Amino acid sequence: MSMAMDHTAAGANTMWPAFLVGQDDKPVRVILIDDDEHMQRVVAQELMADPRTLVVGQAGSVKEGRRLIRQHEFDVMLVDVNLNDGQGYALIEFMKFQRPSAEAVMFSVMESDEQVLRAFEVGATGYLVKHSWFGSYPQAVLQVANGGAYITPHLARRLIQKFEARKTGEGHAADHAASESQLLSEREKEVLRLVANGYTSAEIASRLEISSMTVNSHIKNIYRKLRVRTRAQAVQFASLRKLF
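Structural notes, computed from the coordinates. (Residues numbered from 1 in each chain as written. Predicted model: local features only at pLDDT ≥ 70, side-chain atom pairs only at ≥ 80, totals over all residues. Heavy atoms only, no water.)

With that settled, the discussion passes to the pattern of salt bridges. Side chains bearing opposite charge may pair, as long as their charged atoms lie close to each other. Enumeration over the complete set of coordinates arrives at seven salt bridges. Notably, a salt bridge pairs arginine 52 with aspartate 50, separated by 2.8 Å at the nearest N-O pair. The class of arginine 52 is buried, set by a relative accessible area of 6%. By relative accessible area, aspartate 50 is classed as buried at 2%. One salt bridge in this structure joins arginine 187 and glutamate 190, with 3.1 Å as the shortest N-O distance. (Salt bridge = Lys/Arg side-chain N within 4 Å of Asp/Glu carboxyl O. Buried < 20%, exposed > 50% of the residue type's maximum accessible area, 1.4 Å probe, protein only.)

Next up on the list: the side chain of histidine 218. Inspection of the secondary structure assignment puts histidine 218 in helix H11 (residues 212-226). Excluding its chain neighbours within four sequence positions, the residues that come into contact with histidine 218 are Arg187, Glu188, Val191 and Ile210. (Helix = DSSP H or I, 4+ residues; strand = E, 2+ residues; numbered from the N terminus. Contact = heavy atoms within 4.5 Å.)

All right, on to the sheet that holds strand E2 (residues 53-59) then. Across the sheet, six strands lie side by side as E2-E1-E3-E6-E7-E8; this open sheet has parallel pairing. Only two strands of the sheet have a single neighbouring strand rather than two, namely E2 and strand E8 (150-151). Where strand E1 (residues 28-33) meets E2, six bridges bridge the pair, whose relative direction is parallel. By the bridge assignment, valine 30 is partnered in E2 with valine 55. The strands that helix H6 (residues 137-145) touches are E1, E2, strand E3 (76-80), strand E6 (103-108), strand E7 (126-129) and E8; relative to E3, the one it contacts most, it runs at about 130 degrees. (Pairing = 2+ DSSP bridges. Axes fitted to C-alpha atoms, helices over the stretch in contact; angles between N-to-C directions.)

Let us now look at the packing of helix H2 (residues 37-49) against H6. Relative orientation of the contacting elements H2 and H6 amounts to 65 degrees, with a least axis distance of 8 Å. Contacts from Met39, Val43, Glu46 and Leu47 of H2 reach H6 at Tyr137, Pro138 and Val141. Here the residues of the contact of H2 with H6 are counted per class, giving six nonpolar, no polar and one charged. (Nonpolar A, V, L, I, M, F, W, Y, C, P; charged D, E, K, R; others polar.)

This part is about unusual backbone geometry. Here the phi dihedral of glutamate 209 falls at roughly 60 degrees; this positive angle occurs in a residue that is not glycine. The exposed category is assigned to glutamate 209, whose relative accessible area is 74%.

Their axes nearest at 10 Å, the elements helix H9 (residues 186-196) and helix H10 (residues 201-208) cross at an angle of 130 degrees. On the basis of their axis angle, the class for H9 and H10 is oblique. When the axes of H9 and H10 are compared, the crossing they make is right-handed. Judged by residue contacts, Arg187, Glu190, Val191, Leu194 and Val195 of H9 engage Ile204, Arg207 and Leu208 from H10. Here the residues of the contact of H9 with H10 are counted per class, giving five nonpolar, no polar and three charged. (Parallel < 35°, antiparallel > 145°, perpendicular 65-115°, else oblique. Left-handed = near helix turned anticlockwise from the far one by under 90°.)

Counting 27 residues, the largest nonpolar core has Ile33 and Met77 as the members making the most contacts within it. Sorting the residues of this core by element identifies E1, helix H3 (62-71), E3, helix H4 (88-98), E6, helix H5 (113-121) and E7 as the ones contributing at least two each. Examining the composition of this core, we find that five residues originate from one element, H4, more than from any other. In this view, methionine 77 contacts Ile31, Ile33, Ile69, Leu91, Ile92, Met95, Glu103, Ala104 and Val105; residues no more than four positions away in its chain are not counted. Grouped together as the second largest cluster of nonpolar side chains are 19 residues, Leu78, Phe107, Leu128 and Ala140 included. (Core = buried A, V, L, I, M, F, W, Y, C linked by side-chain atoms within 4.5 Å.)

By themselves, these figures tell us nothing about what the structure is for.
Next up, the structure:
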């Protein structure tokens with residue numbers, strides 16, 4: 001299924017820093033929503049094989065997913081794009097309303113640019129392709145739980161090309177971008193650059209020699225100033241507007 005699955009759970013965990021979320025005594029809690037029973041079982045087994053992640057609920061539909069979100073305390077939701085009674089986007093929006101501190105990772109058998117963009121627009125911080133040779137479900141869960149975003153290298157390359165193609169005009173757009181750029185302080189731009197490069201809040205704090213609380217404060221200010229809701233949206237906005 002995934003090359004990253006070849007490691008043993010114990011081996012992966014011995015290299016996991018103590019300051020990151022997802023430890024043996026306090027694993028990242030996950031709810032899993034997929035209408036393919038076989039795939040749901042495979043993903044759940046992979047997550048439970050890693051002591052850093054714990055499946056606390058499973059569902060196979062939008063209706064059941066809403067119940068899970070309301071009833072369970074969790075940190076990350078893994079949700080399929082297409083469910084038997086609707087689409088996973090609705091569950092991400094519902095989750096963001098019910099549990100704004102939780103993160104969402106969407107997964108699908110397809111590599112659709114439109115699906116990835118829409119997932120990020122509604123609040124996902126990760127997108128995983130089923131049966132991909134890159135990455136694994138525990139990796140995706142742990143990365144978003146620690147403040148990062150998750151996407152396969154192939155999709156990342158295609159999205160970057162798509163973002164570049166969307167850049168249009170220089171006159172008014174350039175003036176508008178300049179005024180938007182001035183909204184962010186130099187430190188906020190620095191933080192946003194590191195977010196764009198995939199660093200977690202803890203890693204950014206270490207690199208800039210500031211506290212994680214200060215990093216999260218900068219990120220909240222960036223969200224407010226750019227009028228976005230997620231890290232992925234902030235990075236996309238900054239890339240399109242050439243803010244760094």
